[in-house]
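# Architecture and fold: a report
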Amino acid sequence: MAALPDKSWVEAALCFWRASLALGKDQDVVKATDEQLALVQAVLKGFVSWEAWVLPVLFAVCRDLEILACRADAVLRRRNEKAEKSEEAARMINKAFTMCITDRYGSGKNIYFKINKFSLSKNVLRAIEVSEMPPLECFPKSHVVTYKYYLGVSAFLNEEYTVAETELMASLELCEKNSAKNLKYLADTHVSCSDAYLDIAEDAIQCLVVEYIRKGDLKRYDQLLMEREKELMGKRIYLAIERIRDMCMRNLFRRVFILNQRSTKIPIDQFHIALKHAGLDIEIAETECFLANMIYKGFIKGYIHQGRQMVILSVKDPFPKTVKLSNLLI
């Protein structure tokens, strides 16, 4: 390989060895992260004059920075110190991404970097949309999986569940069949996608949600929401779990239907008793409101006969198996 016309690599090499020394000999991941930040900065400094073949190097140092920053923050939290290395890493990676997008010397192969700040990821996604990108097929499968995964996560956080379902399933289909880790995280963000979620639930909370929904166990479902609120909030899926509570109520009402010999005419007080048993101390008028909402959202086919105080159910499929995802947002 021909010698480089500048000495930009010298600074980058020194930063690399300092980071390696801090991580290896000193066992200081916080110091190693600081050195890795300097390394990325050095690579970016020389990047303006280097050719496109150096893109894998930039990708590698940014990837290592992300890993080190997460580990450093964990150490800092144990020391009761401010854990801000991931934020510093996110800013540096964003800088690298911006340079790739606007690089006049590059080959057009732009890199999507995973960052923890979803507000920043919107800018990244927007930049990708307006740039001249090669087809996704030109990128490594692992990059496509990550890209589609975060497209789905972004859509999920914006409550665009149909888009989230499409992108997350596309990412899942590209994964290896035994990729349990990917399946687990995809299930976390796929929680609002109705029946699909019931089939891919993996961890303890997901399995409990599935169990309670299928049994129509509204009482234990509400207890789960209360007891695991902090954990669900940390996973950013609390609101989604709360929304699909309607599916649990739908199955509770279906049990009332079954216990009444599948009669298409059921007194409202039968549903009221079921809700009382589930721990809801409510008036019968509120039960009527719940039933009206179930009918409006498409969970129940039928209507309420006010005069007779009865629910008149459809003869054909009174409790549809699936509903539109958008109905969960009503």
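Residues numbered from 1 in each chain as written. Predicted model: local features only at pLDDT ≥ 70, side-chain atom pairs only at ≥ 80, totals over all residues. Heavy atoms only, no water.

### A few points about the overall build of the protein chain
Note the threshold: Secondary structure elements follow DSSP: runs of H or I no shorter than four residues count as helices, runs of E no shorter than two count as strands, and numbering proceeds from the N terminus. Throughout, exposure labels follow a simple rule: accessible area from a 1.4 Å probe, protein chains only, divided by the maximum for the residue type, with under 20% read as buried, over 50% as exposed, and the rest as partly exposed. Contact definition: two residues touch when any of their heavy atoms are within 4.5 Å. Surface accessibility in these figures is a Shrake-Rupley result with a 1.4 Å probe; residues are shielded only by whichever protein chains are displayed.
In terms of helices and strands, the protein chain carries 16 helices and 3 strands. When the 330 residues of the protein chain are sorted by exposure, 45% land in the buried category. Expressed as a percentage of contacts within the protein chain between residues at least 6 apart in sequence, the contacts between residues at least 24 apart total 54%. Total accessible area computed for the protein chain in this model is approximately 18,400 Å², and 53% of it derives from carbon and sulfur atoms.

### Details of the sheet that holds strand β3 (residues 310-313)
Applicable threshold: The pairing criterion is simple: DSSP has to find at least two bridges between the two strands. Fitted lines through C-alpha atoms serve as axes, helices being fitted only where they are in contact, and the angles separating the N-to-C directions of these axes extend from 0 to 180 degrees.
The strand order β1-β3-β2 describes an open sheet built from 3 strands, whose pairing is antiparallel. Looking at strand neighbours, the two that pair on one side only are β1 (265-267) and β2 (302-305), the edges of this open sheet. Strand-to-strand, the axes of this sheet are offset by a mean angle of 25 degrees, without reference to chain direction. Relative to β3, β1 runs antiparallel, the two being bridged by 3 bridges. Following the sheet pairing, isoleucine 266 is matched in β3 by valine 311.

### Digging into helix α2 (residues 29-47)
The test is simple: The span expected for a helix works out to 1.5 Å for each residue beyond the first. Definition of a polar contact: a pair of N or O atoms within 3.5 Å, with one able to donate and the other able to accept a hydrogen when the atoms are protein atoms, and with sequence-neighbouring residues admitted only if both atoms are side-chain atoms.
Its 19 residues give α2 an end-to-end C-alpha distance of 26 Å, which sits within 8% of 27 Å, the value for a rise of 1.5 Å per residue. When you tally the buried positions in α2, you get 14 out of 19 residues, the bulk of the element. N-cap assignment for α2: the residue whose side-chain oxygen lies 3.2 Å from the backbone N of valine 30 is aspartate 28.

### Concerning the packing of helix α11 (residues 218-227) against helix α14 (residues 245-259)
Which entries qualify depends on this criterion: Angle categories are assigned with fixed cut-offs, so that under 35 degrees is roughly parallel, over 145 is roughly antiparallel, 65 to 115 is roughly perpendicular, and the rest are oblique. For any pair of crossing helices, the crossing counts as left-handed if the nearer helix is rotated counterclockwise from the farther one by less than a right angle, and right-handed if it is rotated clockwise.
Following both chains from N to C, one finds α11 and α14 inclined at 165 degrees, their axes separated by 9 Å at the closest point. On the basis of the axis angle, α11 is roughly antiparallel to α14. Seen along the crossing, α11 lies across α14 with a hand that is left-handed. From α11, Leu218, Tyr221, Asp222 and Leu225 reach across to α14, where they touch Arg245, Cys248, Met249 and Leu252.

### Focus: the pattern of salt bridges
Pairing between side chains of opposite charge can happen when their charged atoms approach one another. Counted only if it meets this: For this document, the term salt bridge refers to a Lys or Arg side-chain nitrogen within 4 Å of an Asp or Glu carboxyl oxygen.
Using the criterion set out here, one finds 11 salt bridges in the structure. Lysine 45 is the partner of glutamate 11 in a salt bridge, and the nearest nitrogen-oxygen pair spans 3.8 Å. Of the two residues, glutamate 11 is situated in helix α1 (residues 8-24) and lysine 45 in helix α2; the sequence distance between them amounts to 34 residues. For glutamate 88, the salt bridge is made with lysine 85, and the minimal N-O distance between the two is 4.0 Å. Residue glutamate 88 and its partner lysine 85 are located together in helix α4 (residues 85-102), separated by 3 residues, close to a single helical turn. The class for lysine 85 is buried, based on a relative accessible area of 12%. By sharing partners, the salt bridges in this structure join Asp34, Lys85 and Glu88 into a single network.

### Digging into the confidence of the model for the protein chain
Our working rule: One number per residue, pLDDT, summarises how confident the predictor is, and it ranges from 0 to 100.
Mean pLDDT over the protein chain: 79, with 78% of residues reaching 70 or higher. Within the model, the stretch residues 192-200 combines pLDDT values under 50 with 28 contacts to residues more than four positions away or in other chains.

### Let's talk about the nonpolar core
Definition in use: Put simply, buried Ala, Val, Leu, Ile, Met, Phe, Trp, Tyr and Cys residues joined by side-chain atoms within 4.5 Å make one nonpolar core.
By size, the foremost hydrophobic cluster in this structure holds 45 residues, and its most contacted members are Val209, Leu218, Tyr221, Ile241, Phe253, Leu275 and Leu291. For this core, the leading source of residues is α14, giving 7 residues. Beyond its immediate sequence surroundings of up to four residues, leucine 291 is in contact with Phe253, Ile268, Phe271, Ile300, Ile304 and Val311. With 22 residues, the next largest nonpolar core counts Leu37, Leu65, Ala69 and Ala96 among its residues.

### A look at α11
To be explicit about the condition: This arc is taken over the directions from the axis of the helix to the C-beta atoms.
Burial in α11 covers these residues: Leu218, Tyr221, Leu224 and Leu225. The buried residues of α11 all sit within an arc of 115 degrees when viewed along its axis, so they share a single face. α11 presents Met226 and Glu227 as exposed residues on the side facing more than 90 degrees away from its buried surface. In this fold, the buried residues of α11 make contact with α10 (204-215), α12 (229-234), α13 (238-243), α14 and α15 (268-277).

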